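Examination of the molecular architecture
What follows is each chain in one-letter form.
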Amino acid sequence: MVPGTTAITATPDHRSSPRPLGLFPPGTALAPDGALRIGGCHVAELAERYGTPALIVDEGALRDRARRYADGLAARRTNSAVAFASKAFPCTAVYRLLVEEGLGIDVASGGELALALAAGTDPAKLIVHGNAKTDDYLRAAVEAGAGLVVIDNFDDIERLEHILGDAHGREQAVLVRVTPDVRPDTHEAVSTGQRGSKFGLLLPQAREAIARLRGSSRLRLDGLHVHIGSQILDTEPFVRAVEAVAELGEFPVYDLGGGLGARYTYDDRPPSVEEYLDALASAADDLLPSGARVIIEPGRSMVAEAGVSLYRVVTVKRTGGETFVAVDGGMGDNLEVSLYGQRFEATVATRPGGSDGEMCRVVGQHCESGDVLSASVPLNDPRPGDLIAVPVTGAYTYSLANNYNAARRPPVVFCRDGRSRPVVRRETYADLMRRDLP
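Parameters and conventions
- Residues numbered from 1 in each chain as written.
- Predicted model: local features only at pLDDT ≥ 70, side-chain atom pairs only at ≥ 80, totals over all residues.
- Heavy atoms only, no water.
- Helix = DSSP H or I, 4+ residues; strand = E, 2+ residues; numbered from the N terminus.
- Rg over C-alpha atoms; globule rule 2.2 N^0.38 Å.
- Buried < 20%, exposed > 50% of the residue type's maximum accessible area, 1.4 Å probe, protein only.
- Contact = heavy atoms within 4.5 Å.
- Areas by Shrake-Rupley, 256 points an atom, 1.4 Å probe, with all protein chains shown as cover.
- Lys, Arg positive; Asp, Glu negative; His and termini not counted.
- Charge placed at Lys NZ, Arg CZ, Asp CG, Glu CD.
- Phe/Tyr/Trp six-rings, centres within 6.5 Å; stacked < 30°, edge-to-face > 60°.
- Lys NZ or Arg CZ within 6 Å of the ring centre and 35° of its normal.
- Expected span 1.5 Å × (residues − 1).
- Polar contact = N/O pair within 3.5 Å; in protein donor to acceptor, adjacent residues only side chain to side chain.
- Core = buried A, V, L, I, M, F, W, Y, C linked by side-chain atoms within 4.5 Å.
- Salt bridge = Lys/Arg side-chain N within 4 Å of Asp/Glu carboxyl O.
- Pairing = 2+ DSSP bridges.
- pLDDT = per-residue confidence, 0-100.

Further remarks concern the overall build of the protein chain. A tally of regular secondary structure across the protein chain gives 13 helices and 22 strands. Taken over C-alpha atoms, the radius of gyration comes to 22 Å for the protein chain, in line with the 22 Å a tight globule of 438 residues would show. For the protein chain, buried positions account for 57% of its 438 residues. Considering only intrachain contacts with a sequence separation of at least 6, the fraction spanning at least 24 residues in the protein chain is 70%. Summing over all exposed atoms, the protein chain offers an accessible surface of approximately 17,900 Å²; the carbon and sulfur share of this is 48%. The protein chain carries 47 positive and 58 negative side-chain charges, and their two centres are separated by 3 Å.

Structure (structure tokens):
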């Protein structure tokens, strides 16, 4: 711990942590002046050096989470692997860190594939996804030597066979994505395993794809893939998904996807990583071949807790019975509130706490009434110029960042042991015009 700080103790899943610090990355501490230290770095110093808004990532917390997943699964299932579902945070530095921890990478686009390769990912540990894979994307995956391509539809089979026909007899290992007709309790936009989903093949179609692939001379069917959605706060749907794929027979590989939810609010009670792994491993032991390889693909639950967004308060307005605290970011750097209705907590970063403080609506600077970061949070005497910290923003905020109102996307800053380093710079106005043609 950095000298001159007060440690914040918590259980691994933070359920007994004091408000509001229990939502921040493990090891977050208070400096002598009462302000937050994230990864040992004082929030005011981070804001001064990198400006606001900024996405701060506790590097140590992220590495610890990767190890909990990798070591935890290995202890429960010898023949197993963890791949990061990189759509949650498609940043080269994040890929590189997780590759250093021994993880594979799950990609869902040509861009994610390019980033993963640039970060030094072993191509054999790449898992290639997508419900609408283009020829260019598939060709790039084959040429890179991607370990597994997930078949989402029959067109994938035709395209891959054609591409491999031009690749001098090369063989590509594939998995069939199964839609298990399991609908978890989550937002409709991030539910993917139910009948009517655009992803994967229902069991009758999956059987047809399996038969077709077994007759292919270019595609090697290694097994099955299943993924039922994101921000799932119960283990039972994951078990039902394993039960569904088990009906399709025995295979060398079963990719059970991801989807474990993150704790965004004080009321959320997601299963811990260990509880999630216990449920998956138990289902695999009961229902799948004992020697089969089990792969999981955590995304949101891998990176969410490690990220904190820092903003500067621009104005405080009390009107109509509400207090609006407007900051210098918003839906340009955190679209999840508008897109999914996800709730985030917030605190004044230099005066954290204040559970009995003034109830405020933290809003952004964009020209939309829906540009709200936190609809109702208690803040400790908010004032213009204050720093606002929003925890649990490591997942999807970077992915969904945009240039609405020609806003510049914020930097990403890694912090560890009191040292900070930028891994993505803030966009400039020149960046906004870089693709313009005369």
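We now examine the environment of Tyr50. For Tyr50, the location among the structural elements is in helix α1 (residues 43–50). For Tyr50 and Phe199, which are 149 residues apart along the polypeptide, the C-alpha to C-alpha distance reads 40 Å.

Next up on the list: the packing of aromatic side chains. Evaluated as defined, the whole model comprises five aromatic pairs. Put simply, the rings of Tyr69, Phe238 and Tyr276 touch in pairs and so form one group of aromatic residues. Here the guanidinium or amino end of Arg408 rests over the ring plane of Tyr429, the centre of that ring lying 4.5 Å away.

Between the first and last C-alpha of helix α6 (residues 154–165) there are 17 Å, a value that for twelve residues agrees with the 16 Å anticipated at 1.5 Å per step. Turning to α6, its buried residues are Phe154, Asp156, Ile157, Leu160, Ile163 and Leu164. Among the structural elements, α5 (135–144), β9 (148–151), β10 (172–179), β11 (201–202), α7 (203–214) and β12 (219–226) are those in contact with the buried residues of α6. If you check the start of α6, you find a side-chain oxygen 3.2 Å away from the backbone N of Asp155, and it comes from Asn153.

Another point: the side chain of Asp333. Structurally, Asp333 is set in the loop between β16 (322–327) and α11 (336–340). Engagement of the side chain of Asp333 in a polar contact is seen with the side chain of Tyr311, the distance being 2.4 Å. Of note is the side chain of Asp333, whose polar atom sits 2.9 Å from the backbone nitrogen of Gly330.

Membership of the largest hydrophobic core comes to 102 residues, with the highest contact counts inside it found for Phe84 and Met302. No other element matches the six residues that helix α9 (residues 273–287) contributes to this core. Excluding residues that lie within four positions of it along the chain, Met302 makes contacts with Leu62, Arg65, Ala66, Tyr69, Val82, Phe84, Leu98 and Leu103.

Relative to the assigned elements, Pro270 resides in the loop between β13 (253–255) and α9. Each C-alpha atom of the pair Pro270 and Ile232 lies 7.5 Å from the other, and the pair is 38 residues apart in sequence.

This part covers the pattern of salt bridges. Counted according to the given criterion, the structure contains 27 salt bridges. A salt bridge links Glu101 to Arg63; the shortest N-O distance between them is 2.8 Å. On the criterion of sequence distance, the pair formed by Glu101 in the loop between α3 (92–100) and β7 (104–107) and Arg63 in helix α2 (residues 59–76) is long-range, its members being 38 residues apart. Residue classification places Glu101 among the buried positions, given a relative accessible area of 17%. One salt-bridge network, in which partners are shared between bridges, spans Glu59, Arg63, Asp64, Arg67, Glu100, Glu101, Arg416 and Arg421.

Turning next to unusual backbone geometry. A cis amide bond, omega -10°, links Thr52 with the succeeding residue Pro53. Inspection of the secondary structure puts Pro53 in the loop between α1 and β5 (54–58). With a phi close to 55°, Ala406 is a non-glycine residue in the positive phi region. Its place among the elements puts Ala406 in the loop between α12 (397–400) and β21 (412–416).

A separate point is the pairing of β21. Burial analysis of β21 places four of its five residues in the buried class, which makes it a mostly covered element. Here β5 pairs with β21 via four bridges, running parallel. Across the sheet, the residue bridging to Ile56 is Val413, located in β21. As paired elements, β21 and strand β22 (residues 419–424) share five bridges and run antiparallel to each other. In the sheet register, Val413 faces β22, and the bridge partner there is Pro422.

Next up on the list: the confidence of the model for the protein chain. Interpreting fine coordinate detail is not advised for predicted regions of low pLDDT. Residue-level pLDDT values for the protein chain average 92, and 92% of them are 70 or greater. Low pLDDT (under 50) marks residues 1–18, which in the prediction has 38 contacts with non-local residues, meaning those over four places away or in another chain.

This part covers the side chain of Thr397. Summarising the element assignment, Thr397 is placed in helix α12. For Thr397, a relative accessible area of 2% translates into the label buried. Within polar-contact distance, the side chain of Thr397 engages the backbone oxygen of Thr393 at 2.5 Å. Non-local contacts of Thr397, meaning those with residues more than four positions away in its chain, are made with Leu55, Asp333 and Asn334.

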